[in-house]
Amino acid sequence: MGLDGWSFGGMVIRDLKIPRSNVLHGEGKGLDVLKRHFAYWRILISMLCLGSAYQAIEETIAFCKERSIFGGRLSDLQSVGHRLAESVTYIEAAKSLCIKAAKAIDESSNNALKLSSMAKWYSTEVAYKCLHMCVRLQGARGYEFNNSTRRRLLDIEGFLIADGSNDLMKSIIYKELVGKHIYNKTLLR
Ligand SMILES: Cc1cc2nc3c(=O)[nH]c(=O)nc-3n(C[C@H](O)[C@H](O)[C@H](O)COP(=O)(O)OP(=O)(O)OC[C@H]3O[C@@H](n4cnc5c(N)ncnc54)[C@H](O)[C@@H]3O)c2cc1C
C-alpha cells in the first residue's frame, strides 16, 4: 500500500550457532530484550507520523491559499480554516503525550509502557485523521498518484499496524489499568 521505499519480508533462522560470549541478556531472553525496546520505537513511530501529518498540513495550507474557488480562495472559507485548526490542535495534543511518554522512558518510570502505548495509538490515529482531511481538502489534486499528501496517507496506514497494532496498544493500556492479575495472561505476556 505505502512505504514504497521499504522492503518487507520474513526471516527464517535454522540451526544457527551463536558463540556463548555473544549471547545478550541470557539464553531465551531475546523477546524480553525486544519488548523493552518497543516503548522507544513506539515514540519514534508516533513522532514520525505527527511530523508527516504536520508537513501535509503545510502543503494543504499552501494549496488552499492558491486554489481559487467561486471568486475567492479556498483558504478564506471558515470551514476549511476550522478543519486545519482542529488538525494542528490534535497534533499538538498528541505531541505532548509523546513527550510525556519519552520522559517516562528516560526516567524508567512504571508508566512508560502505558504512556508509550497511549502515544502510539493516539498519535498514529491523529496523523491518519489529519492526512485524510488534507487529501480531501486538496480535492482531485490530493487523489493524484504523485501527490505527496496522498503518499503520506498511505505510508501512515502501515504505522497503525507496525510495532503492535493499535488494537494491541489499547489492550496494553487496559492491562496496565486493570492490573495484570485480572487480565487474560495468555493474550499479553
Ligand atoms: C509498516 C510495517 C512495518 C513493520 N515492520 C516490522 C519489523 O520491522 N519487524 C517485524 O518483526 N515486524 C514488522 N511488522 C509486522 C508487524 O509487527 C505486524 O504486522 C503487527 O504486529 C500486527 O501483526 P499481524 O500483521 O500478524 O496482524 P494480526 O495480529 O493478525 O492482526 C489482525 C487484526 O486483528 C487485530 N487484533 C489482533 N489482536 C487483537 C486483539 N487482542 N484484540 C483486538 N484486535 C486484535 C489487529 O489489530 C488487526 O486489525 C511491520 C508491519 C508493518 C505494517
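Residues numbered from 1 in each chain as written. Predicted model: local features only at pLDDT ≥ 70, side-chain atom pairs only at ≥ 80, totals over all residues.

Per an unreviewed UniProt entry, the chain is named Acyl-CoA dehydrogenase/oxidase C-terminal domain-containing protein, and its organism is Alicyclobacillus vulcanalis.

**Student:** Quick question: what am I supposed to make of helix α6 (residues 166-178) here?
**Tutor:** Owing to its 3.6 residues per turn, the α-helix aligns residues three or four sequence positions apart on the same side. If you check α6, its first and last C-alpha atoms are 18 Å apart, about what 13 residues at 1.5 Å a residue would give, namely 18 Å. In the segment just after α6, Gly179 is the residue with positive phi, at about 100 degrees. (Helix = DSSP H or I, 4+ residues; strand = E, 2+ residues; numbered from the N terminus. Expected span 1.5 Å × (residues − 1).)

**Student:** Would you mind showing me how to read the nonpolar core here?
**Tutor:** Across soluble globular proteins, you tend to see nonpolar side chains buried next to one another. Within the largest apolar cluster, 38 residues are counted, with the highest numbers of intra-cluster contacts made by Ala53, Ala101, Cys130 and Leu131. Sequence-distant contacts of Ala53, that is, excluding residues within four places in its chain, are made with Ile91, Ala127, Cys130 and Leu131. (Core = buried A, V, L, I, M, F, W, Y, C linked by C-beta atoms within 7 Å. Buried ≥ 20, exposed ≤ 12 C-beta atoms within 10 Å, placed from the backbone. Contact = placed C-beta atoms within 7 Å.)

**Student:** Explain helix α3 (residues 112-137) here, please?
**Tutor:** Over its 26 residues, α3 extends 37 Å from the first C-alpha to the last, a length consistent with the 38 Å expected when each residue adds 1.5 Å. Within α3, 21 of the 26 residues are buried, which leaves the element mostly enclosed by the surrounding structure. Trailing α3 by a residue or two, Gly139 shows a phi angle of about 60 degrees, which is positive.

**Student:** For this particular structure, what's the right way to read the site of the ligand?
**Tutor:** Residues in close proximity to the ligand total eleven residues, the closest being Gly158, Ile161, Ala162, Ser165 and Asp167. Considering every element that reaches the shell around the ligand, the biggest residue donor is α6, with three residues. Per-class residue counts for the shell around the ligand are five nonpolar, four polar and two charged. (Near = placed C-beta within 6 Å. Nonpolar A, V, L, I, M, F, W, Y, C, P; charged D, E, K, R; others polar.)

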